[in-house]
Amino acid sequence: MTLIRRIPMTALAIIVAAAAFPAAAKDRPITATNTRAGNEAAIDARAAALVDRMTLDEQLSLLKSRSGASLLDLGVPLPPFIPEAMRTEKPKGAIGTAGFVPAIERLGFPALQLADASLGVADIGYLRPGDHATALPSTLSLAATFDPAMAHAAGDIIGAEAFAKGINVQLAGGVNLAREPRNGRNFEYLGEDPLLAGTLVGEQIAGIQAHHVASTIKHFAANSQESGRFVYDVRASDAALRESDLLAFEIGIRRGRPASVMCAYNRVRGSYACESDYLLKQVLRGDWGYRGWVMSDWGATMSLKPSIDAGLDQQSPQDKDYFAGIPAAIDKGEISRAQVREMALRIVRSMIAVGALDHVARPGGAIDQAAHAARAQAMAEAGMVLLKNDGLLPLAAGARTIAVIGRHADKGVPAGGGSSQVIPYGGVYRDVPEGTHPLLALMAPSYDLSSPLKALQAALPGARIVFDDGSDAARAAAVAKEADIALVFAVKPEMEGVDSADLSLPYGQDAMIAAVAAANPCTGVVLETGNPVVMPWLDKVGAVLEAWFPGQRGGEAIAAILSGASSPSGRLPLTFPAATDQLPHPQEVGYDPAKQRPLGIGVKYDPFTIDYKEGSDIGYRWFEKTDAKPLFPFGYGLTYTSFAYAGLKQAGGAGLTVTARITNTGRREGVEVAQLYVAPPGRTHRLAGWARVSLKPGETREVTIAADPWLLLSYDEKAGQWARLAGEYRFFVGKSAGEPELRGTARLDAATESRRR
Ligand code: BGC
């Protein structure tokens with residue numbers, strides 16, 4: 001085990017709102033990539049003039065990013081599986097990020113400095129020595145806030161920090177839906193629901209781009225698991241994809257107008273995503289009219305002509321250099337000069353649109369670290385989900401002795417690993433097994449140095465807090481027995497390139513929790529996970545709080561919730577199954593325990609297909625369809641008070657608007673997230689809107705939730721258009737997908753919408 005506070009490094013990146021949330025920005029033209037609507041023509045003209053002054057070589061130079069960092073700077077020996085192509089020096093002008101495109105100085109076009117990602121400005125392995133950033137809670141935690149304003153605020157922090165570090169392209173905006181709860185990257189995404197995920201990612205992107213930093217929605221599309229990510233082929237109908245995975249992108253793009261889209265590694269309906277005519281040409285550029293640029297994921301470019309014809313504009317580091325063949329292809333007439341101009345134009349136009357040419361990002365800008373840390377803590381608190389509480393929480397002031405038990409709960413909180421990992425101010429603790437290669441050690445599960453143990457001691461100065469690391473169940477139980485209350489911190493690390501075999505907690509924690517709960521009836525469990533877990537000990541414990549990967553102030557945020565200084569207000573952004581046999585795939589397709597390696601480096605799979613047999617019925621919709629009862633439903637979450645619903649009113653016709661009265665029936669102020677689920681005729685219920693309201697004890701508020709018009713439509717594959725079927729729509733307003741409070745039906749008229757622009 002090593003405590004690493006600062007290591008010199010490089011390119012591991014290679015390898016309340018009391019109102020209903022604003023309606024989706026359906027009227028905003030999707031054709032714009034900028035955050036300043038209204039000057040499209042001027043941007044077009046400026047971009048065209050600039051690109052037309054470029055030589056062919058200059059235009060071509062924009063179409064390829066290379067690594068902006070060097071593994072050679074890591075200060076560790078590189079293992080043999082790192083190819084020669086990845087042993088390059090840092091290019092001149094690069095600042096140590098995942099991607100770099102040189103400036104075209106004679107024309108005043110700045111270098112592109114591309115950095116990960118959605119949880120803050122990432123620097124896996126300290127690629128930029130001494131350069132740290134605010135580590136936000138995981139985006140899964142952000143989704144649990146059900147709060148678009150919070151997502152915007154997260155983007156605001158990322159954009160401000162990126163700009164201050166000289167980064168002008170943020171690879172942020174991961175919105176793959178959590179179809180597969182064993183996917184090691186779900187912590188980087190926003191859950192299983194297209195409206196929730198799309199709305200929040202759009203706000204996050206808009207927050208980033210307001211700082212003149214381009215943002216990148218990814219991974220387009222159907223990149224639902226890490227096992228076999230370079231080879232698998234997703235089979236699903238056009239309608240199924242458009243109503244689920246693609247809908248999340250569509251809503252996110254329309255709302256956030258990202259400058260770029262990153263196409264995924266995997267194949268979809270037979271073609272690699274980065275050369276998919278269906279994804280890039282028909283859907284993204286055709287139906288959605290997207291005018292930003294498409295970059296490949298790192299290593300995802302698979303061809304020259306098919307990719308360019310489909311709509312790929314920029315290949316990335318680790319890609320085989322197919323685009324080196326462009327000049328010859330032009331000579332042979334396979335690629336036209338106009339295509340190359342158009343590709344460069346999309347990049348230039350997007351950078352102008354976000355303001356990156358008028359506001360050039362340079363390293364060394366000021367960052368208000370303290371303010372960002374405070375906001376990161378507020379986000380972590382807002383994302384925590386109270387799953388069970390028999391009255392144990394908030395902790396009674398009289399509790400004399402508290403046993404804090406758990407792996408590294410004395411040091412910090414787990415962080416998700418891979419390209420998105422942020423190294424926070426203060427550093428991380430890396431949980432490195434003996435004998436690990438120094439390079440892989442940099443990718444070991446790590447913990448942001450925000451100690452729940454210390455934070456609890458500070459929050460409860462009168463309590464005597466004892467600690468046990470939980471590695472020995474009998475010893476942990478003995479420590480728990482002597483205490484008035486036992487709090488177990490259960491971790492499950494997740495990282496890019498690594499999926500889980502099942503939904504159990506690792507390190508023997510399930511047995512340890514059972515032993516602790518048997519020794520002390522006042523046992524609470526804090527889960528720090530990036531995915532759902534099963535809880536065989538659930539009936540034995542008094543409280544369960546899902547804290548996710550809560551970021552650099554996670555310890556303080558957990559202490560605030562446990563002590564009652566702050567009330568939980570998060571809701572599950574994905575279903576917690578009771579068992580894996582409830583899932584569309586009881587075993588993850590293609591999962592091989594021997595091939596789980598960080599970032600999937602050096603791992604080979606034979607091609608296989610994943611059949612999305614659930615169609616668009618992901619998560620809670622699959623549970624409704626199969627009439628299965630999850631452990632905890634999507635949308636679920638308790639707080640320290642209770643709420644009652646009454647007075648349902650509704651209006652149908654050309655849309656659906658629902659009104660309900662919500663009363664805080666408890667003794668503490670608290671937040672309720674009232675959720676509207678609508679079932680079009682013959683279909684399962686879908687989240688169509690929600691209202692997040694903060695109510696004082698005894699207070700009643702009338703909330704109105706308008707169903708997002710997009711969610712009332714279904715995709716008619718034969719006609720190639722969206723249609724609202726005429727008929728009776730069942731709906732309910734409730735606390736979660738599994739807790740309807742007020743039910744109704746409304747008659748809606750027929751309508752069609754092409755969504756073509
Ligand atoms: C990931 C992307 C990331 C890229 C650059 C890839 O491994 O899939 O999400 O942006 O690396 O670091």
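Every value quoted in this text rests on a predicted model; they were computed, and no experiment measured them.

Caption draft 1: Structural context of the overall build of the protein chain. Looking only at helices and strands, one finds 18 helices and 30 strands in the protein chain. Taking 757 residues into account, the globule formula puts the C-alpha radius of gyration at 27 Å, and the protein chain, at 25 Å, falls close to it. Overall, the protein chain is about 80 × 65 × 50 Å in size when its C-alpha atoms are taken along their principal axes. Looking at the protein chain as shown, the accessible area adds up to about 24,400 Å², and 52% of this sits on carbon and sulfur atoms. Taking the average location of the 77 positive side-chain charges in the protein chain and that of its 81 negative ones, the two points are 3 Å from each other.

Caption draft 2: Representation of the nonpolar core. Formed by 151 residues in total, the largest nonpolar core has its most connected members in Leu-62, Leu-63 and Phe-220. Ranked by the residues each element gives to this core, the list is headed by helix H11 (residues 337-353), at 9 residues. In this view, Leu-62 contacts Met-54, Val-101, Ile-104, Phe-109, Gln-314, Ala-344, Ile-347 and Val-348; residues no more than four positions away in its chain are not counted. Counting residues in each nonpolar core, the second largest holds 33 residues, with Ala-476, Ala-483, Ala-486 and Phe-576 among its members.

Caption draft 3: Structural context of helix H15 (residues 473-481). Those residues of H15 that fall on the buried side of the exposure criterion are Ala-476, Ala-477 and Ala-480. Summarising the axial view, the buried residues of H15 lie within an arc of 100 degrees, below the 170-degree limit, and thus occupy one face. Within H15, the exposed residues directed more than 90 degrees away from the buried face are Ala-474 and Lys-481. Those residues of H15 hidden inside the fold are in contact with strand S12 (401-406), strand S16 (464-468), strand S17 (485-492) and helix H16 (509-519). The N-cap residue of H15 is Asp-472: its side-chain oxygen and the backbone nitrogen of Ala-474 are 3.0 Å apart.

Caption draft 4: Seen up close, the pairing of strand S11 (residues 385-389). Most of S11 sits inside the fold, with 4 of its 5 residues counted as buried. Looking at chain direction, S11 and strand S19 (residues 543-546) are connected through 4 bridges and run antiparallel. Along S19, the bridge assignment pairs Leu-386 with Leu-545.

Caption draft 5: Fine view of the pattern of salt bridges. Scanning the model with the defined rule gives 42 salt bridges in all. Residues Glu-180 and Arg-182 are paired through a salt bridge, measuring 2.6 Å at the closest nitrogen-oxygen approach. The two residues Glu-180 and Arg-182 agree in class, both being buried. If you follow the salt bridges from partner to partner, you end up with Arg-185, Glu-188, Glu-226, Arg-229 and Glu-496 in one network.

Caption draft 6: Local environment of the sheet that holds strand S30 (residues 751-753). Here we have 3 strands laid out as an open sheet, ordered S26-S27-S30, and antiparallel in their pairing. Two strands close off the open sheet at either side, each with one partner strand: strand S26 (714-716) and S30. Shown here is a sheet whose adjacent strand axes are inclined to one another by a mean of 35 degrees, direction ignored. Sheet topology places S26 next to strand S27 (residues 721-724); 3 bridges connect them, and they run antiparallel.

Caption draft 7: Representation of the state of the cysteines. Applying the stated rule across the entire model yields 1 disulfide. The disulfide bridge from Cys-263 ends at Cys-274, spanning 2.1 Å between sulfur atoms. Around the S-S axis, the bridge from Cys-263 to Cys-274 shows a dihedral of about 110 degrees and counts as right-handed. Linking Cys-263 in strand S7 (residues 260-263) with Cys-274 in the loop between strand S9 (271-272) and helix H8 (277-287), this pair joins segments that are 11 residues apart in sequence. Grouping residues by exposure puts Cys-263 and Cys-274 together as buried.

Caption draft 8: Structural context of the packing of aromatic side chains. Using the criterion set out here, one finds 15 aromatic pairs in the structure. The interplanar angle of 70 degrees and the centroid separation of 4.5 Å between the aromatic rings of Phe-230 and Tyr-265 together place this pair among those described as edge-to-face. Here Phe-230, found in the loop between strand S5 (214-220) and strand S6 (233-235), pairs with Tyr-265, found in the loop between S7 and strand S8 (267-268); they are 35 residues apart in sequence, far enough to count as distant. When its relative accessible area of 30% is taken as the criterion, Phe-230 is described as partly exposed. Ring plane angle 70 degrees and centroid distance 5.2 Å describe the contact between Tyr-715 and Trp-722, whose orientation is recorded as edge-to-face. There is no split in this pair, since Tyr-715 and Trp-722 are both buried. Following the ring pairs from residue to residue traces out a cluster consisting of Phe-146, Tyr-620, Phe-634, Tyr-677, Trp-690 and Phe-732. One residue, Arg-267, lies across the ring of Tyr-272, its end atom 5.5 Å from the ring centre. Directly above the ring of Tyr-507 sits Arg-407, whose terminal nitrogen or CZ lies 3.6 Å from the centroid.

Caption draft 9: Structural view of the site of the ligand. Inspection of the region around the ligand gives 14 residues, with Asp-116, Arg-185, His-219, Asp-297 and Glu-496 positioned closest. Here an oxygen atom of the ligand sits 2.5 Å away from a polar atom, N or O, in the side chain of Asp-116. Here an oxygen atom of the ligand sits 2.9 Å away from a polar atom, N or O, in the side chain of Lys-218. For the ligand, whose accessible area on its own is 310 Å², the fraction buried by protein is 99%. Across the shell around the ligand, the residue classes tally to 6 nonpolar, 2 polar and 6 charged.

Caption draft 10: How the structure looks around the environment of Gly-311. With respect to the secondary-structure elements, Gly-311 resides in the loop between helix H9 (305-310) and helix H10 (326-331). Residues Gly-311 and Thr-639 lie 328 residues apart in sequence; the distance between their C-alpha atoms is 47 Å. Residues contacting Gly-311, with those up to four places away along its chain left out, are Leu-280, Arg-285, Val-294 and Arg-346.

Caption draft 11: Fine view of the packing of helix H12 (residues 369-383) against helix H17 (residues 554-563). In the contact formed by H12 and H17, the axes pass within 9 Å of each other and the chain directions differ by 50 degrees. One finds that H12 runs oblique with respect to H17. As for the relative orientation of H12 and H17, their crossing is right-handed in sense. From H12, Gln-377, Ala-380 and Glu-381 reach across to H17, where they touch Glu-556, Ala-557, Ala-560 and Ile-561. Among the residues making up the contact of H12 with H17, the classes are represented as 4 nonpolar, 1 polar and 2 charged.

About the criteria used
- Residues numbered from 1 in each chain as written.
- Predicted model: local features only at pLDDT ≥ 70, side-chain atom pairs only at ≥ 80, totals over all residues.
- Heavy atoms only, no water.
- Helix = DSSP H or I, 4+ residues; strand = E, 2+ residues; numbered from the N terminus.
- Rg over C-alpha atoms; globule rule 2.2 N^0.38 Å.
- Areas by Shrake-Rupley, 256 points an atom, 1.4 Å probe, with all protein chains shown as cover.
- Lys, Arg positive; Asp, Glu negative; His and termini not counted.
- Charge placed at Lys NZ, Arg CZ, Asp CG, Glu CD.
- Core = buried A, V, L, I, M, F, W, Y, C linked by side-chain atoms within 4.5 Å.
- Buried < 20%, exposed > 50% of the residue type's maximum accessible area, 1.4 Å probe, protein only.
- Contact = heavy atoms within 4.5 Å.
- Arc of directions from axis to C-beta.
- Polar contact = N/O pair within 3.5 Å; in protein donor to acceptor, adjacent residues only side chain to side chain.
- Pairing = 2+ DSSP bridges.
- Salt bridge = Lys/Arg side-chain N within 4 Å of Asp/Glu carboxyl O.
- Axes fitted to C-alpha atoms, helices over the stretch in contact; angles between N-to-C directions.
- Disulfide = S-S within 2.5 Å.
- Phe/Tyr/Trp six-rings, centres within 6.5 Å; stacked < 30°, edge-to-face > 60°.
- Lys NZ or Arg CZ within 6 Å of the ring centre and 35° of its normal.
- Near = heavy atom within 4 Å.
- Nonpolar A, V, L, I, M, F, W, Y, C, P; charged D, E, K, R; others polar.
- Parallel < 35°, antiparallel > 145°, perpendicular 65-115°, else oblique.
- Left-handed = near helix turned anticlockwise from the far one by under 90°.

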